[in-house]
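# Fold and geometry: a report
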Amino acid sequence: MDSLRLRPWSEDDLGLLQAANTAAMTAHLNGPETEQQVIDRHAKYLRLWREGTARTFVIVDEQGRPLGSIAHWGAEWRDQPVREAGWFVLPEAQGRGVSSRAIELLIEDVREHRGDARYLTAYPSVDNAASNGVCTHGGFELMGTKTDEFRGAELTFNEWVLDLERLP
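These lines cover the structure that appears in this document, whether it is placed above or below.

Here is what the cut-offs are and how they apply
- Residues numbered from 1 in each chain as written.
- Predicted model: local features only at pLDDT ≥ 70, side-chain atom pairs only at ≥ 80, totals over all residues.
- Heavy atoms only, no water.
- Helix = DSSP H or I, 4+ residues; strand = E, 2+ residues; numbered from the N terminus.
- Rg over C-alpha atoms; globule rule 2.2 N^0.38 Å.
- Buried < 20%, exposed > 50% of the residue type's maximum accessible area, 1.4 Å probe, protein only.
- Contact = heavy atoms within 4.5 Å.
- Areas by Shrake-Rupley, 256 points an atom, 1.4 Å probe, with all protein chains shown as cover.
- Lys, Arg positive; Asp, Glu negative; His and termini not counted.
- Charge placed at Lys NZ, Arg CZ, Asp CG, Glu CD.
- Arc of directions from axis to C-beta.
- Pairing = 2+ DSSP bridges.
- Salt bridge = Lys/Arg side-chain N within 4 Å of Asp/Glu carboxyl O.

### Some words on the overall build of the protein chain
A tally of helices and strands in the protein chain yields four helices and seven strands. In terms of C-alpha radius of gyration, the protein chain reaches 15 Å, essentially the compact-globule figure of 15 Å for 168 residues. Projecting the C-alpha coordinates of the protein chain onto the three principal axes gives extents of approximately 35 × 35 × 35 Å. Sorting the 168 residues of the protein chain into buried and exposed places 45% on the buried side. In the protein chain, the share of contacts with a sequence separation of at least 24, taken over all contacts with a separation of at least 6, comes to 62%. Here the protein chain has roughly 9000 Å² of accessible surface; of this, 47% comes from carbon and sulfur atoms. Side chains of the protein chain give 18 positive and 27 negative charges; the mean places of these two sets differ by 3 Å.

### Some details on helix α4 (residues 129–137)
Because each turn of an α-helix spans 3.6 residues, side chains separated by three or four positions in sequence point in the same direction. Every buried residue belonging to α4 is among Ser-131, Asn-132, Val-134 and Cys-135, and all of these are buried. Axial view of α4: buried residues confined to an arc of 150°, hence all on one face. Across from the buried face of α4, at angles greater than 90 degrees, the exposed residues are Ala-129, Ala-130 and Thr-136. Looking one or two places after α4, you find Gly-139, whose phi comes out positive at around 90°.

### Notes on the pairing of strand β3 (residues 66–77)
By the bridge criterion, seven bridges tie strand β2 (residues 54–60) to β3 in an arrangement that is antiparallel. Counted as the bridge partner of Val-58 is Ser-69 from β3. The antiparallel pairing of β2 with β3 creates a hairpin that spans five residues between the two strands, and Gly-64 there sits at a positive phi of about 85°. One ladder, built from 10 bridges, connects β3 with strand β4 (residues 80–89); its direction is antiparallel. Pairing of Ala-71 across the sheet is with Gly-86, part of β4. Counting the residues between successive antiparallel strands, the hairpin from β3 to β4 contains two residues, one of them, Arg-78, with a positive phi of roughly 50°.

### Points about the pattern of salt bridges
Under the definition given, this model contains 11 salt bridges. In this structure, Arg-41 and Glu-33 form a salt bridge, with 2.7 Å as the shortest nitrogen-oxygen distance. Assessed through its relative accessible area of 24%, Arg-41 is described here as partly exposed. Overall, the relative accessible area of 17% leaves Glu-33 in the buried class.

The analysis is restricted to geometry; functional conclusions fall outside its scope.
Structure follows, in structure tokens:
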């Protein structure tokens, strides 16, 4: 997995979002989005990158094939600015350590582009063992569990936090 790299999200990456918008891939996110919501999300990723408020990447292998996506963006946690992370890996690339390596690469990017944020947060569903494992691998600390509305329904998620100032 050392050959993985992150490349910036581009106009050509709409298909990756469409490939990830399946019932299986969104089971821990209250289900798929409409086609228009996916198109709007793609446009949002591009706009936020241009504005400098979010950094969305495609996770690519040594041949440049897209395996998934990972991002960080400005958010607020406990009344302070943070960077929030989110990711997905396509089914054919799951179980190979792709997400764990991608979070390592993302943390490097966050350290360079965090602004005044001290923490990186992530909020995977409590039922998403793989994403919670990525948080553990990345050195995040589990701060608790919350339930909130997401995509029109309740979602219970873990609240993971990484103190960027304590990294070696």
